[in-house]
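What follows is each chain in one-letter form.
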Amino acid sequence: QKLGAALKPERDLQFGYLGLQTLYDRYFLIDQYAQFSGAGRRFELPQSFFMRVAMGLALNEVDREGRAIEFYNVLSTFDFMSSTPTLFNSGTHRSQLSSCYLTTVADDLDGIYEAIKENALLSKFAGGLGNDWTNVRALGSHIKGTNGKSQGVVPFLKVVNDTAVAVNQGGKRKGAVCSYLETWHLDIEEFLELRKNTGDDRRRTHDMNTANWIPDLFMKRVMEGGDWTLFSPADVPDLHDKWGRKFEEAYTRYEDKAARGELKLSKKIPAVQLWRKMLSMLFETGHPWITFKDACNVRSPQSHVGTVHSSNLCTEITLNTSETEIAVCNLGSVNLLAHMKKVVKKGDKADKSTSWELDHDKLKATIKTAMRMLDNVIDINYYAVAKARNANLKHRPVGLGIMGFQDCLHLLQHPYASDGAMAFADRSMEAVCYYAYWASTELAEERGRYASYKGSLWERGIMPQDSLKLLRDERGGYVEVDESVAMDWSSLRARVKEHGMRNSNCVAIAPTATISNIIGVAASIEPEYQNIYVKSNLSGEFTVVNEHLVAELKRLDLWDDVMVSDLKYFDGSLAKIDRVPEHLRRLYATAFEVDAAWLVEAGARRQKWIDQAQSLNIYMAGASGKKLDETYKLAWVRGLKTTYYLRTLAATSAEKSTGQGGELNAVSSSGAASGAGAGRAMSAKNATPTSTHNTHSAQEPEAAQFCGIGDPTCESCQ
């Protein structure tokens, strides 16, 4: 009765159509055994669904009903949303609630096929996978047992790819895996080509994601024009577990041995040549992603008990793995938009103006509840593999993230490409992390510290932002990050020293692609993709319109059929619609109209506070070799741990018309459609490179030039 009385059916009115349809199609429990007219019957409505999730997370609480209502309230008000596996399975017989699993593959057949079996079991119960394959010996390496030669990593990755296709995630979403390989591995050049559509299809993985795990030494060689040597892990077994200066010392020793002819399998190439190929494949196939090994390890709170060998499927998790431990992370995201409050500025009665700011009191309360929910997942969770259970109970990592960042910028009237947006990225992430770490110390006081706390950066009084100094020392420079601080971190350090931490890791920004749809806000930390577009997912196709923009245009009496047609014609962009005021065109610039340097800068401001990482997509309208090179070098220098997808625009687009002859278009910008001539095809805009302190402007390409990033003599982007 108490739980039933706590349900608030009026909260159903918060949903948009996309959110409600997504819940109905994919999240509500279904009667799979009913026949005839009852087949496919849903057991739940939205509020009972949220209560089921909340009750499942409160099972081990002393006051189960009280905590369930507390959890229900943050979920049903859209203040916080648990990750998809938690929403799928909380309160069910098989409560697999975790989002991400990270594994290290051993260098023998038993280890390799054990890892593939673990992939299948973990994927079966809705987990995304990150596999570290660096340990596996390279093509041509000697096999003692048979006196033969190894086929290398690639044939096994083909098996991993097909396993991911065969075993989907609980029948509710596609199986997904990302394989990581370090840059010194002798198979790296073939690894870079796994997603190509040409070549031997037996050595291609069209359904699997791939990522480069890049040590700092390689980036320094690229910056300084040095050479790079590739090895087989069988000959250099200790490189896999080393990072920072220790890696550099061991690597240079192996280079000396190779130069003396003591290592049979090695290959020396210019570092820039390999870097060019990485960027070329990233541009051509979208893979492998660029992630940085040393930044993940040097700044890891758990560097005292192991090595981070890879990230996860979405590049936001950075946890230790080994042959005996599978890292697990439980995710959830705070809706940042729900934590903005309107402030009335003091002044004359006739001159009162309002603005928006972050509601710190509400944010702290929400995060306190959210961290408790995430910590509860660890004990309630069903573990398909014993190695995952042991690691999760020992270290207790969680990943609290955010969503709705772009919506907050709209409220604040800050274009994404502005200093104001960078400051908000900094201050909002500082607050989220501060309250998350504080909540973990409170849980430690109540429930005890995690088992491997002793010796961690937490115990040493080193907060995530303090670890930037460690990174700078290990690299010998090459770290340029804004290090301003706004909150009282000394009191948090004192509290951690007294009570310790409940969780080894607390914060990770996931993509939130689906849960942001449910609550109707912008995904994660993403810029606005387009102001009007069609979103396709497993629930169908939905037209999505930027509601903030619509409200602004209605206020200016500009929202009409012509404006809708113009937005459709220009793919949701305001850039060429002259009757929209300039400040609105800047404020509602779409993702491809924001220079990539701003995305990297915002990521750097957030990353200094985060103890794990973030799923940071890079959008680039005028992609070129030079622009890619500058952007990813900037990401490294700014201290980013990982990057996610590179998203680029096609060189051409299909011819469009918004009516018979496009008569609804009312754009008068030079060279753009106007009146009956609106049906011409539009070429992609070319993103003008800017510094991180200048606003972005877009220009049409002057002439058709073809990128030859793999060709050192190419000058098309100079």
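Above this note sits the structure.
Counting restarts for each chain, with residues numbered from 1 along the sequence as it is written. Side-chain atom pairs in this predicted model are given and counted only at pLDDT of 80 or more, local residue features only at pLDDT of at least 70, and totals for whole chains, interfaces and linings cover all residues. Calculation of side-chain values draws on the structure's entire complement of heavy atoms; hydrogens and water are dropped beforehand.

Once that is clear, we can look at the overall build of the chain. On a plain count of helices and strands, the chain comes out with 24 helices and 20 strands. Type-normalised accessible area, obtained with a 1.4 Å probe on protein chains alone, sets the label of each residue: buried when under 20%, exposed when over 50%, and partly exposed for intermediate values. The proportion of buried residues among the 718 residues of the chain is 58%. Values of accessible area rely on a 1.4 Å probe in the Shrake-Rupley scheme; residue burial ignores everything except the protein chains shown. Roughly 28800 Å² of accessible area belongs to the chain as shown, and the carbon and sulfur atoms make up 50% of that amount. To qualify as a helix, a DSSP run of H or I must reach at least 4 residues; to qualify as a strand, a run of E must reach at least 2; elements of each kind are numbered from the N terminus.

This part covers the nonpolar core. Among the buried residues, those of types Ala, Val, Leu, Ile, Met, Phe, Trp, Tyr and Cys that are joined through side-chain atoms within 4.5 Å form a nonpolar core. Ranked by internal contacts, the top residues of the largest apolar core, which has 178 residues, are Trp 133, Phe 218, Met 371 and Leu 400. Looking at this core, the element that brings in the most residues is helix α16 (residues 419–447), giving 15 residues. Note on contacts: a residue pair qualifies if any of its non-hydrogen atoms lie within 4.5 Å across the two residues. Beyond its immediate stretch of four places on either side in the chain, Phe 218 contacts Thr 183, Trp 228, Ala 271, Leu 274, Trp 275 and Met 278. Listed in part, the 14 residues of the second largest apolar core include Leu 558, Ile 577, Val 580 and Leu 584.

Take the pattern of salt bridges next. Here the idea is simple: oppositely charged side chains can pair when their charged atoms come close. Each reported salt bridge corresponds to a side-chain nitrogen of Lys or Arg within 4 Å of a carboxyl oxygen of Asp or Glu. Taken as a whole and judged by the stated rule, the model has 48 salt bridges. Between Glu 61 and Arg 372 there is a salt bridge, and its shortest N-O distance comes to 2.9 Å. You can see Glu 61 sitting in the loop between α3 (46–57) and α4 (64–76) and its partner Arg 372 sitting in helix α13 (residues 360–380), a full 311 residues away along the chain. For the pair Glu 61 and Arg 372, one class covers both residues: buried.

On to unusual backbone geometry. For the peptide bond that leads from His 287 to Pro 288, omega is -10 degrees, which places it in the cis range. Positive phi values are uncommon outside glycine, yet Thr 512 reaches one of about 55 degrees. One can find Thr 512 in the loop between α18 (489–499) and α19 (515–519). Judged by its relative accessible area of 7%, Thr 512 falls in the buried class. A positive phi angle, close to 50 degrees, is found at Ser 524, a residue other than glycine. Tracing the backbone shows Ser 524 in the loop between α19 and β15 (532–537). Ser 524 gets classed as buried once you look at its relative accessible area, which sits at 1%.

Take it as geometry only, folks, not as evidence of what the structure does.
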